[in-house]
Amino acid sequence: MPHQVLDAAHLYSYSAEEFHHPHGGMLLRKDMHRLFDLGAISVNPEDHRIDVSAEFRGVPDYGVLHGAKLRVDLPAKAKKWLRLHWKQWRS
C-alpha cells in the first residue's frame, strides 16, 4: 500500500488526553482512520475482529472488513485503548 494513504491514528481521543501514550496508536488507511475516530469502525477487544457499523456495511470496501480479524498482534497496552474505544462506541 502506498505510504501516502496511511495515517498514524490514535486509539484514544488525543484531544481529551493531550498526551501521546506508548502503544496508543496504529497505522491505518486515511479513510479507516476517519471512520475509527467516528466510531463507525471498531475492534472487538475480545476476539480482535473488526466491527463495521450497519451504516457502512453496504459499502463494499468496508463491508468486507466486518468480522475480519486484525492482521497485527497488539501489545496489552494497545488492547486497553481498544477496550475503551469499544466501550465508548459499542456498549
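Residues numbered from 1 in each chain as written. Predicted model: local features only at pLDDT ≥ 70, side-chain atom pairs only at ≥ 80, totals over all residues. Heavy atoms only, no water.

A.B. asks: Just to check I follow, could you spell out the pairing of strand β2 (residues 25-29) for this structure?
C.D. replies: Put simply, side chains in a regular strand alternate between the two faces of the sheet. Across the two faces of β2 the burial differs, with M26 and L28 buried and G25, L27 and R29 not buried at all. Alignment of strand β1 (residues 6-10) against β2, held across five bridges, turns out to be antiparallel. Following the sheet pairing, L6 is matched in β2 by R29. (Buried < 20%, exposed > 50% of the residue type's maximum accessible area, 1.4 Å probe, protein only. Helix = DSSP H or I, 4+ residues; strand = E, 2+ residues; numbered from the N terminus. Pairing = 2+ DSSP bridges.)

A.B. asks: What am I meant to see in the packing of aromatic side chains here?
C.D. replies: For any pair of aromatic rings, the description rests on two quantities: the centre-to-centre distance and the angle between the ring planes. Counted according to the given criterion, the structure contains two aromatic pairs. Taking the centre distance of 4.6 Å and the plane angle of 40° together, the rings of Y12 and W81 count as tilted. With Y12 in the loop between β1 and α1 (14-17) and W81 in helix α5 (residues 76-90), the pair connects residues that are 69 residues apart, well separated along the chain. No difference in accessibility class separates Y12 from W81, as the two residues are buried. Here the aromatic rings of F56 and Y62 are separated by 6.2 Å at their centres, their planes lie at 80°, and the arrangement is edge-to-face. Each member of the pair F56 and Y62 is classed as buried. Positioned above the aromatic ring of W81 is the side chain of K80, whose terminal nitrogen or guanidinium carbon lies 4.3 Å from the ring centre. (Phe/Tyr/Trp six-rings, centres within 6.5 Å; stacked < 30°, edge-to-face > 60°. Lys NZ or Arg CZ within 6 Å of the ring centre and 35° of its normal.)

A.B. asks: Got a minute to help me understand the side chain of H48 in this structure?
C.D. replies: With respect to the helices, strands and loops of the structure, H48 is situated in the loop between β3 (41-43) and β4 (50-52). Given a relative accessible area of 19%, H48 falls into the buried group. If we skip the residues at most four places from it in the chain, H48 touches V43, A68, K69, L70 and K79. (Contact = heavy atoms within 4.5 Å.)

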